[in-house]
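Structure assessment
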Amino acid sequence: MKSALKILALMLILITPAGAQFENAQKANIKAVAVTSGDQPTGVVINISVIVTPGDGRVFVSTTPYTEIDMQGSAQLAAITACDLLGIDFTKYDFFYIIEAEAPIVGGPSAGGVMTVATVAALKNLTIRDDVYMTGMIYPDGYIGPVGGLKYKLEAAAKNGAKIFLIPQGQRITYVEEKKVRRVGIISYIEVGYKELDLVEYGKKLGVNVYEVATLNDALKFFTGYEIKQPEGQFNIGSYSQILKKLADRMKASLDEVTATSEDAEKLIKKADEFYKEGKYYTATSTYFQAKILKRYEEYKSKIVTAQQFDEEVGKIQNEINQLKDYLAKEKMGVNSLQIIAAAQERVAEAENLLENAKNAKSDDEALQYLAYAKERVESAKVWLSILPDLKNDYEISKDALKRRAEFYVTQASSLLIYASSLNGNEYLINQGFESLDTAKRLLSEGLYAGAAVMALNSITDASLSIEVTYGKIDDKVEGAREAAMAAISEAEKSLFPVLPAAYFEYAENLDNQYAKLMYYKLSMRLAKLLSLMVSSGGEKELVHAEFNPYTHYTPSGKSTIERIVETPGFEGLAAVTAITAAAIAARRR
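Bear in mind that the values here come from a model prediction, so they are computed numbers and not experimental data.

Parameters and conventions
All residue numbers refer to positions counted from 1 along the written sequence of the respective chain. Reporting of local features is limited, given that this is a predicted model, to residues whose pLDDT is at least 70; pairs of side-chain atoms are given and counted only at 80 or more, and all residues count toward the totals for whole chains, interfaces and linings. Remark: hydrogens and water are excluded; side-chain values derive from all non-hydrogen atoms of the structure. In DSSP terms, a helix is any run of H or I states spanning at least four residues, a strand is any run of E spanning at least two, and both are numbered starting from the N terminus. Under the scheme applied here, a residue whose accessible area is under 20% of the maximum for its type counts as buried, over 50% as exposed, and between as partly exposed, the area being computed with a 1.4 Å probe on protein chains only. N or O atoms closer than or at 3.5 Å make up a polar contact, with two conditions inside protein: a donor-capable atom paired with an acceptor-capable one, and, for residues adjacent in sequence, both atoms drawn from side chains. Residues count as neighbours in contact if any of their non-hydrogen atoms are within 4.5 Å of one another. A fitted line through C-alpha atoms represents every axis, and for helices the fit uses only the stretch in contact; the resulting angles, taken between N-to-C directions, go from 0 to 180 degrees. For classification purposes, angles smaller than 35 degrees are called roughly parallel, those larger than 145 roughly antiparallel, those between 65 and 115 roughly perpendicular, and all remaining angles oblique. Crossings are assigned a handedness: left-handed for a near helix turned anticlockwise from the far helix by less than a right angle, right-handed for a clockwise turn. Following the grouping adopted for this structure description, the nonpolar residues are Ala, Val, Leu, Ile, Met, Phe, Trp, Tyr, Cys and Pro, the charged ones are Asp, Glu, Lys and Arg, and the polar ones are all others, Gly among them. Grouping buried Ala, Val, Leu, Ile, Met, Phe, Trp, Tyr and Cys residues that are joined through side-chain atoms within 4.5 Å yields what is termed a nonpolar core. In short, DSSP must find at least two bridges between two strands for them to pair. The term salt bridge refers to a pairing of a side-chain nitrogen on Lys or Arg with a carboxyl oxygen on Asp or Glu at a separation within 4 Å. UniProt positions are given in the numbering used here, feature names are shortened, and annotations may be inferred rather than shown by experiment. Side-chain rings of Phe, Tyr and Trp, where Trp is taken by its six-membered ring, are said to pair if the distance between their centres is within 6.5 Å; with planes under 30 degrees apart they count as stacked, over 60 as edge-to-face, and otherwise as tilted. Lysine NZ or arginine CZ positioned within 6 Å of the ring centre and within 35 degrees of the ring normal marks a charge as sitting over the ring.

This part covers the side chain of Thr81. Looking at where Thr81 falls in the secondary structure, it is placed in helix H2 (residues 69-86). Overall, Thr81 belongs to the buried group, its relative accessible area being 1%. Within the structure, Thr81 has its side chain in polar contact with the backbone oxygen of Leu77 (distance 2.7 Å). Filtering out sequence-adjacent residues up to four positions away, Thr81 remains in contact with Thr116, Ile138, Tyr139, Pro140 and Gly142.

Running from amino to carboxyl end, helix H8 (residues 263-277) crosses helix H9 (residues 281-303) at an angle of 165°, the nearest separation of the two axes being 8 Å. Here H8 lies roughly antiparallel to H9, going by the angle between them. Considering only the axes of H8 and H9, their crossing is left-handed. Contact residues: Asp264, Ala265, Leu268, Ile269, Lys271, Ala272, Asp273, Phe275 and Tyr276 in H8; Tyr281, Thr283, Ala284, Thr287, Tyr288, Gln290, Ala291, Leu294 and Lys295 in H9. Looking at the contact of H8 with H9, its residues break down into eleven nonpolar, three polar and four charged.

This next bit is on the nonpolar core. Among the nonpolar cores identified, the biggest contains 188 residues, and Ile48, Leu166 and Leu371 are the most heavily contacted of them. Of the residues forming this core, the biggest block, 14 residues, is contributed by helix H18 (residues 514-535). In this structure, Leu166 is in contact with Val132, Tyr133, Met134, Thr135, Tyr211, Val213, Ala219, Phe222 and Phe223, ignoring residues within four places of it in sequence.

Here three strands make up an open sheet; going across it, the order is S5-S8-S11 and the pairing parallel. The sheet is open, and its two borders are formed by strand S5 (132-134) and strand S11 (209-213), each paired with just one other strand. The mean inter-strand angle of the sheet, taken between neighbouring strand axes irrespective of direction, is 25°. In terms of strand pairing, strand S8 (residues 164-168) meets S11 through five bridges, oriented parallel.

In this section: the pattern of salt bridges. Under the criterion given, the structure shown has 32 salt bridges. Its salt-bridge partner being Asp198, residue Arg172 comes within 2.9 Å of it at the nearest N-O pair. With Arg172 in the loop between S8 and strand S9 (173-184) and Asp198 in strand S10 (residues 187-198), this pair connects stretches of sequence that are 26 residues apart. Across the salt bridge formed by Glu379 and Lys375, the nearest N and O atoms sit 3.2 Å from each other. Linking Glu379 with Lys375, this pair stays in helix H12 (residues 364-385), spanning four residues, or about one helical turn. The class for Glu379 is buried, based on a relative accessible area of 13%. Classification of Lys375 as buried rests on a relative accessible area of 11%. The structure contains a network of salt bridges with shared partners spanning Glu257, Lys292, Arg296, Glu299, Lys303 and Glu376.

The next subject is the UniProt feature "active site" (unreviewed entry) in the chain. If you check UniProt for "active site" (unreviewed entry), the listed places come out as Ser110 and Lys153 in our numbering. Across 44 residues in sequence, these annotated residues keep their C-alpha atoms within 10.4 Å of one another, forming a single compact spot. The residue Ser110 is located in the loop between strand S4 (93-101) and helix H3 (112-124) in this model. Dropping the residues within four chain positions of it, Ser110 is found in contact with Val33, Thr135, Gly136, Met137, Val147 and Lys153. In this structure, Lys153 sits in helix H4 (residues 150-159). Given a relative accessible area of 1%, Lys153 falls into the buried group.

Right, let's get into the sheet that holds strand S3 (residues 59-64). Here we have four strands laid out as an open sheet, ordered S1-S2-S4-S3, and mixed in their pairing. Each of the sheet's edge strands pairs with one partner strand only, and the pair in question is strand S1 (26-35) and S3. Each strand of the sheet is rotated relative to its neighbour by a mean of 20°, with strand direction disregarded. Here S3 pairs with S4 via six bridges, running parallel. Bridge pairing in S4 places Thr64 opposite Glu100. Across the face of the sheet, H4 comes into contact with S1 and strand S2 (43-54) while running at roughly 125° to S1.

On to helix H6 (residues 216-224), then. Residue pairs three or four apart in sequence face the same way in an α-helix, which turns once every 3.6 residues. Taking burial as the measure, the nine residues of H6 include nine buried ones, the bulk of the element. For H6, the set of buried residues is Leu216, Asn217, Asp218, Ala219, Leu220, Lys221, Phe222, Phe223 and Thr224. Directly beyond the C-terminal end of H6, a positive phi value near 80° is found at Gly225.

Let's shift gears to the pairing of S2. Counted residue by residue, S2 has nine buried out of twelve residues, so it is predominantly covered. Two elements, S1 and S2, share ten bridges in a ladder whose sense is antiparallel. Residue Lys31 lies in a different strand from S2, and its bridge partner there is Asn47. For S2 and S4, the ladder comprises nine bridges, and the chain directions are antiparallel. Among the inter-strand pairings, Ile48 is bridged to a residue of S4, identified as Ile99.

Where H9 contacts H12, the two axes come as close as 8 Å, and the packing angle between them is 140°. Considering their axes alone, H9 and H12 lie oblique with respect to each other. By crossing handedness, the relation of H9 to H12 is classed as right-handed. Counting all contacts with H9, which are made through Tyr282, Phe289, Lys292, Ile293, Arg296, Tyr297, Tyr300 and Lys301, the residues of H12 involved are Asp365, Leu368, Gln369, Leu371, Ala372, Tyr373, Lys375, Glu376, Arg377, Glu379, Ser380 and Trp384. Tallied by class, residues from the contact of H9 with H12 come to ten nonpolar, two polar and eight charged.

What follows deals with the environment of Met71. Looking at where Met71 falls in the secondary structure, it is placed in helix H2. Take Met71: its relative accessible area is 4%, and that puts it in the buried class. Considered as a pair, Met71 and Ser110 are 39 residues apart in the sequence and their alpha carbons are 8.8 Å apart.

A separate point is the packing of aromatic side chains. Tallying each qualifying case throughout the model produces 15 aromatic pairs. The structure contains a cluster of three or more aromatic residues connected by ring pairs, namely Phe90, Tyr93, Phe95, Phe408 and Tyr409. Sitting above the plane of the Tyr276 ring, Lys252 keeps its charged end 5.9 Å from the centroid.

Structural data, given as structure tokens:
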């Protein structure tokens with residue numbers, strides 16, 4: 001441990017000016033449990049030290065012995081999640097994680113929860129109890145996710161003086177692998193079976209109280225006696241009706257630009273009209289937009305019949321894209337206009353991607369579909385820009401500050417996507433995340449920083465969801481995401497008019513598919529937080545003493561509430577990948 005700290009101190013001397021940051025360091029120590037690698041796995045205790053200094057959003061990890069890349073990802077996610085939950089700007093700190101184990105351990109994300117607890121404790125100078133142990137993934141929204149190797153980990157905690165052992169909610173009942181040798185003549189056969197194990201009852205035999213926890217806040221109460229006070233925010237979507245109605249009016253009026261139609265387009269227009277009458281203006285705008293794509297496609301089918309005509313239309317759309325990009329690169333931004341410029345930049349970038357898809361399509365029909373979508377993406381950017389004059393009391397923000405924020409989100413998205421890939425997250429969402437990340441990088445290189453930040457947030461949302469839909473129950477998360485979005489928008493309203501987050505929130509409210517609903521609530525929340533950070537209105541969360549007795553904490557008996565993970569070393573028995581339904585795919589960002 002001493003040698004590791006000496007190395008860390010040397011690193012700090014080399015990477016920072018003399019006397020700059022280390023004297024202001026805050027530190028927390030915590031113990032985690034893992035499973036050793038090899039044919040005879042056993043539980044092992046890991047010592048984790050977290051050091052936080054003033055900095056600019058970097059995460060450093062030192063591991064002894066060497067562990068796999070997902071430990072690096074767990075550290076990155078622990079730092080980001082702790083800051084998000086506390087309402088602290090991640091880019092104001094550097095984070096150092098020193099991880100020491102007694103033996104080589106199986107790679108896995110199971111230390112993510114304790115690393116996040118320790119990060120919160122370091123940031124807030126909290127004392128961590130040394131008789132509480134825990135295992136569990138950390139999700140980007142602060143929920144604790146399932147892990148394997150629970151029997152081995154519980155045994156290791158018990159041997160090292162644990163009085164309390166925290167496990168992810170739903171994993172009280174697990175299965176333990178049993179090997180039996182059966183002789184047939186002179187040949188021995190090994191039969192593998194699985195025996196059900198109640199971890200609460202097994203813990204009692206070992207002298208340890210086992211509790212299930214659902215969130216980081218649940219775990220924090222056990223470790224420190226504190227909890228993060230959850231913000232309670234309400235906002236009135238009606239406050240945004242006037243401006244969202246203008247969006248809907250302009251999108252509906254633009255339908256007349258295209259005379260061709262189809263039965264599906266007319267059905268969508270009728271549905272959009274119903275949303276409009278109900279005052280669901282952004283949902284109506286999105287539905288009119290979908291209808292217009294179908295109308296434009298029908299027009300192209302009748303008018304574009306030669307390669308020359310196709311190339312001419314591609315050229316026209318590309319010219320429109322170039323003109324818009326020139327305008328958007330020069331336009332000054334205030335904190336309110338930022339979101340409108342970002343929405344336009346995002347849509348122009350997507351139009352350019354779609355135009356490239358049209359040129360590389362495998363059939364004429366596919367080419368015209370992409371072409372119609374690209375054209376209407378450009379038109380939707382113009383619709384958003386048309387409401388710029390309606391945003392009043394704006395003030396200019398620094399382009400350099402926006403650039404730094406965009407660069408940070410691009411880096412965060414890249415790290416989170418790599419981590420999600422290492423966990424075998426949902427493939428569709430990971431691929432979408434990488435596509436959004438590539439677009440964000442292109443926008444960043446072109447100086448379109450607002451759009452780069454929003455596209456990177458799209459990528460972060462996809463990466464986060466790719467983990468959550470693979471390992472967690474979506475229904476349990478939707479209401480929490482809704483409340484978090486409401487609180488973030490309410491906070492942002494203190495200093496700006498967050499119309500884009502409000503629009504996405506309204507859209508989420510009117511979706512039936514739970515995956516798409518969760519996606520838009522989270523995107524709404526992240527956009528609101530971005531806007532708040534640009535004006536520093538998002539206040540740091542208060543810590544409150546938890547009215548909490550660990551020994552009365554309820555852990556339900558009976559069957560698991562999430563799909564059981566077969567008890568194997570480390571994290572081999574991954575939960576089955578949850579399919580993303582067609583409705584979720586259809587409800588991609590409008």
